[in-house]
Amino acid sequence: MRSETIAASVAERPAKAWRPATSETPATRRVLIAIAGIFLGLVLLLPLGAVFAQAFSGGWSLYLAALAEPDAVAAMRLTLLVAAIAVPANLVFGVAAAWAIAKFEFRGKSLLVTLIDLPFSVSPVISGLAYILVFGSHGLLGPWLDAYGIKVAFAVPGIVLVTIFVTLPFVARELIPLMEEQGAGEEEAALSLGASGWKTFLFVTLPNVKWALLYGVLLCNARAMGEFGAVSVISGHIRGLTNTMPLHVEILYNEYAFQAAFAVASLLAILALLTLALKTFLEWRFAGDMAGARGH
Amino acid sequence: MTSARLAFKQPSILPGFGLSFGFTLAYLGLIVLFPLAVLILKSAGLGWTEFWRLALDPRTVAALRLSFGASAIAAAINLVFGLLIAWVLVRYRFVGRRLIDAMIDLPFALPTAVAGIALTAIYAPNGWVGQFFAPLGIKIAYTPLGAVVALVFVSLPFVVRTVEPVLAEIDREREEAAATLGASRLLTVWRVVLPSLVPALLTGFTLALARSIGEYGSVIFIAGNIPYVSEIAPLLIVIRLEEFDYPAATAIAAMMLGISFVLLLTINLIGAWSRRRFGHAV
């Protein structure tokens, strides 16, 4: 008789709010999810929505007019040019650094890795200042370069250089952990079978790291096109000449041309969303091919 | 054996070490180390008394205090909400979870200038959110509070992204053990789960703090930039540069680098201690 009642009470239990001992009650879960949602909504989604709402506040025609304006077009062109130089430069650097660091054992390796990460821990404004101190007209090399008619500070070369500085670590830090994990075994096999060094790199190493490489390039490009602080210091804000898109947004905004500012900003926001979408796709599809892919 | 160990590089049959290592060093030296060395030399060249006269200028001190104070508050806010978001994303399954997870990295992808004008539009007294605070007498945009909001946005991903993988790896058996021994859920989370997250939380906090201290683009739009009140140190550097006052700009930069270095070193030491204490590597 007694065992029956126990069985009955055990059978009844799941019908009530049963939950595993290592989880929270459904109510707690819902509250926590709601808090996270509200916080992210206020901090992330509203600003993103505001960009597009303000950009289209005057309708399509004003939106397109703001983008077709000559200074805006010049800014877009400069942003593309800067990224087209800075990203390949840091791509080559990242591959070279990863090859030296991941495939060889040498002294001072961890110091080198730390130095590569340095641009991430220096304020962009301070990096811009450092470049002014080197290339400005009172700087270390500025007067000497001036004598040859070469302008770096307050000109396009300066913008390119600080952008390279700021985005330097992106490709290297994607490749180094992955290539360290993969080791040198496959390359050694290729070499022992008679392949040349370059051939080994092109047909063995590169295919192994291509997705991580793309991932690094993606993040590098997003930062290169969006960098503001460092570029703002070195550019001198010359309209139509040394204004990148983020700087153009600032100028329009400070002139109270809000709709135009948000219209140009919306292009940068679309770029950011595309970057996120591609990045998420790579993480989802090729998670195994990218060691330290998460956490940027 | 000893000679091999003393050698700079261990032998390898792979080619290209000289080329790749040389190129890496030259590139890093020219792009990163040389300009930073010039910055340090220039600030050292100011001389001891001149440096402190510039560094302890009241406007500079106020700007440094705001930069470090607002960064600490923003990092602390992200410590709490970052943990909560990481917890929700790792432990719960709900509609839209993947989308939220992808959106966390938005502050890394969105240019800071865009974030700055967007946040200003929302938190201004007539903005979508600001209008609800204005009647209460709370101004967010154009005050130091605005700087905190911008820094919360900018440094949001760090704590989430450092805590997420550690939380996903945690062995649920310890929580089960705590539960079978009669601990309530809250006690289990507080005494069993949280301690093993401390090192990751600290790392995330440090990264968020470091990022916030140097942030410029998003803050200058929303903070109002009133000297002594809502002017951050990077902005003061820019202002001094525009006045061609290079010594003052250099001194502020040196102060920022110096304080950041001491601060981050201290936090890293605490982190090393907590890893020993709680025995969980990040």
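Values in this document were obtained by computation on a predicted structure and should not be read as measured data. (Residues numbered from 1 in each chain as written. Chains lettered and ligands numbered in written order. Predicted model: local features only at pLDDT ≥ 70, side-chain atom pairs only at ≥ 80, totals over all residues. Heavy atoms only, no water.)

Quick question: what am I supposed to make of the overall build of chain B here?
The helix and strand inventory of chain B stands at 15 helices and 0 strands. Across its three principal directions, the C-alpha atoms of chain B cover 75 × 65 × 35 Å. Scored against the burial criterion, the 282 residues of chain B give a buried share of 53%. Nonlocal contacts in chain B, meaning residues at least 24 apart in sequence, comprise 73% of its contacts between residues at least 6 apart. Of the roughly 13,000 Å² of accessible surface on chain B, a fraction of 69% belongs to carbon and sulfur atoms. For chain B, the distance from the average site of its 21 positive side-chain charges to the average site of its 15 negative ones is 6 Å. (Helix = DSSP H or I, 4+ residues; strand = E, 2+ residues; numbered from the N terminus. Buried < 20%, exposed > 50% of the residue type's maximum accessible area, 1.4 Å probe, protein only. Contact = heavy atoms within 4.5 Å. Areas by Shrake-Rupley, 256 points an atom, 1.4 Å probe, with all protein chains shown as cover. Lys, Arg positive; Asp, Glu negative; His and termini not counted. Charge placed at Lys NZ, Arg CZ, Asp CG, Glu CD.)

Can you help me understand the side chain of T206(B) in this one?
Along the chain, the position of T206(B) falls in helix 12 (residues 185-214). Ignoring sequence-local partners within four residues, the contact set of T206(B) consists of L264(B) and I267(B).

Whenever I open this one, the packing of helix 6 (residues 124-135) of chain A against helix 8 (residues 156-167) of chain A confuses me. Can you help?
All names here are of chain A. Two elements in contact, helix 6 and helix 8, have axes separated by 10 Å at closest approach and are oriented at 140°. The orientation of helix 6 with respect to helix 8, classified from their angle, is oblique. Where helix 6 crosses over helix 8, the handedness of that crossing is right-handed. Facing helix 6, whose interface residues are S127, G128, Y131 and F135, helix 8 presents L161, V162, F165 and V166. Looking at the contact of helix 6 with helix 8, its residues break down into 6 nonpolar, 2 polar and no charged. (Axes fitted to C-alpha atoms, helices over the stretch in contact; angles between N-to-C directions. Parallel < 35°, antiparallel > 145°, perpendicular 65-115°, else oblique. Left-handed = near helix turned anticlockwise from the far one by under 90°. Nonpolar A, V, L, I, M, F, W, Y, C, P; charged D, E, K, R; others polar.)

Which parts of the structure should I look at to understand the packing of aromatic side chains?
The relation between two aromatic rings is expressed through the spacing of the ring centres and the mutual angle of the planes. Scanning all chains against the criterion turns up 33 aromatic pairs over all chains. An angle of 70° between the planes, with centres 5.5 Å apart, marks the rings of W144(A) and Y148(A) as edge-to-face. For W144(A), a relative accessible area of 52% corresponds to the exposed category. Aromatic side chains Y256(A) and F258(A) sit 5.9 Å apart centroid to centroid with 85° between the ring planes, which places their arrangement in the edge-to-face category. Under the relative-accessibility criterion, Y256(A) is labelled exposed at 65%. In this structure, K9(B) packs its charged tip against the face of F17(B), placed 5.2 Å from the ring centre. Residue placement shows R91(B) over the ring face of W87(B); its charged tip is 4.7 Å from the ring centre. (Phe/Tyr/Trp six-rings, centres within 6.5 Å; stacked < 30°, edge-to-face > 60°. Lys NZ or Arg CZ within 6 Å of the ring centre and 35° of its normal.)

Whenever I open this one, the interface of chain B and chain A confuses me. Can you help?
Note on interface size: it is often stated as the accessible area lost on association of the parts. At the junction of the two partners, chain B supplies 92 residues and chain A supplies 89 residues. Approximately 7,900 Å² of surface area, both sides summed, lies buried where chain B meets chain A, with 80% of it carried by carbon and sulfur atoms. The largest share of the area that chain B buries against chain A comes from L14(B), Y27(B) and Y92(B), three residues that together contribute 9% of it. Our count for the chain B to chain A interface comes out at 2 salt bridges. When the shortest N-O distance is used, the salt bridge between D105(B) and K279(A) registers 2.5 Å. Between chain B and chain A we count 12 residue pairs in polar contact (both at pLDDT 80 or more) in total. Counting residues per element, the side of chain B that touches chain A draws most heavily on helix 2 (residues 17-44) of chain B, at 19 residues. (Buried area = accessible area lost by both parts, 1.4 Å probe. Salt bridge = Lys/Arg side-chain N within 4 Å of Asp/Glu carboxyl O. Polar contact = N/O pair within 3.5 Å; in protein donor to acceptor, adjacent residues only side chain to side chain.)

Can you walk me through helix 7 (residues 112-123) of chain B in this structure?
Here helix 7 of chain B spans 16 Å end to end across 12 residues, near enough to the 16 Å set by a 1.5 Å rise per residue. The element helix 7 of chain B is largely enclosed, with a buried count of 12 among its 12 residues. (Expected span 1.5 Å × (residues − 1).)

What is the right way to read the pattern of salt bridges from this model?
Proximity of charged atoms lets side chains of opposite charge pair with each other. Using the criterion set out here, one finds 17 salt bridges over all chains in the structure. E231(B) is the partner of R59(B) in a salt bridge, and the nearest nitrogen-oxygen pair spans 2.7 Å. Taken as a pair, R59(B) in helix 4 (residues 58-91) and E231(B) in the loop between helix 13 (217-222) and helix 14 (233-242) lie far apart in primary sequence, 172 residues in all. Each member of the pair, R59(B) together with E231(B), is buried. The structure contains a network of salt bridges with shared partners spanning K279(A), E283(A), D101(B), D105(B), R161(B) and E164(B).

Mind showing me how you'd approach the confidence of the model for chain A here?
Keep in mind that low pLDDT regions are not for reading the predicted coordinates in detail. Of the residues in chain A, 92% reach a pLDDT of 70 or more, and the chain-wide mean stands at 88. Mean pLDDT in chain A bottoms out at helix 1 (residues 2-12) of chain A, which sits at 51, and peaks at helix 8 of chain A, which reaches 96. (pLDDT = per-residue confidence, 0-100.)

Would you mind going over the environment of L81(A) with me for this structure?
Along the chain, L81(A) turns up in helix 4 (residues 70-103). Along the backbone, L81(A) and F228(A) are 147 residues apart, and their C-alpha atoms lie at a distance of 16 Å.

Would you mind going over the side chain of S218(B) with me for this structure?
All names here are of chain B. Examined against the element boundaries, S218 turns out to sit in helix 13. A relative accessible area of 0% places S218 in the buried class. Polar contacts involving the side chain of S218 include one to the side chain of E215, which spans 2.9 Å. In this structure S218 touches T112, A115, G116, A150 and V154, once residues within four positions along its chain are discounted.

For this particular structure, what's the right way to read unusual backbone geometry?
The phi torsion of most residues other than glycine is negative, and most of the peptide bonds are trans. With a phi close to 60°, F154(A) is a non-glycine residue in the positive phi region. Relative to the elements of secondary structure, F154(A) occurs in the loop between helix 7 (142-147) and helix 8.

Is there a simple way to think about the domain arrangement of chain A in this case?
All names here are of chain A. Domain parsing of chain A yields domain 1 (23-55) and domain 2 (59-289). Computed from C-alpha coordinates alone, the two centres of domain 1 and domain 2 are separated by 31 Å. Taken residue by residue, the interface counts 6 residues in domain 1 and 9 residues in domain 2. Linking domain 1 to domain 2 there are 0 salt bridges. Joining domain 1 to domain 2, the criterion identifies 1 residue pair in polar contact (both at pLDDT 80 or more). Split into classes, the residues belonging to the side of domain 1 that touches domain 2 amount to 5 nonpolar, 1 polar and no charged. (Domains from an automatic or database assignment.)

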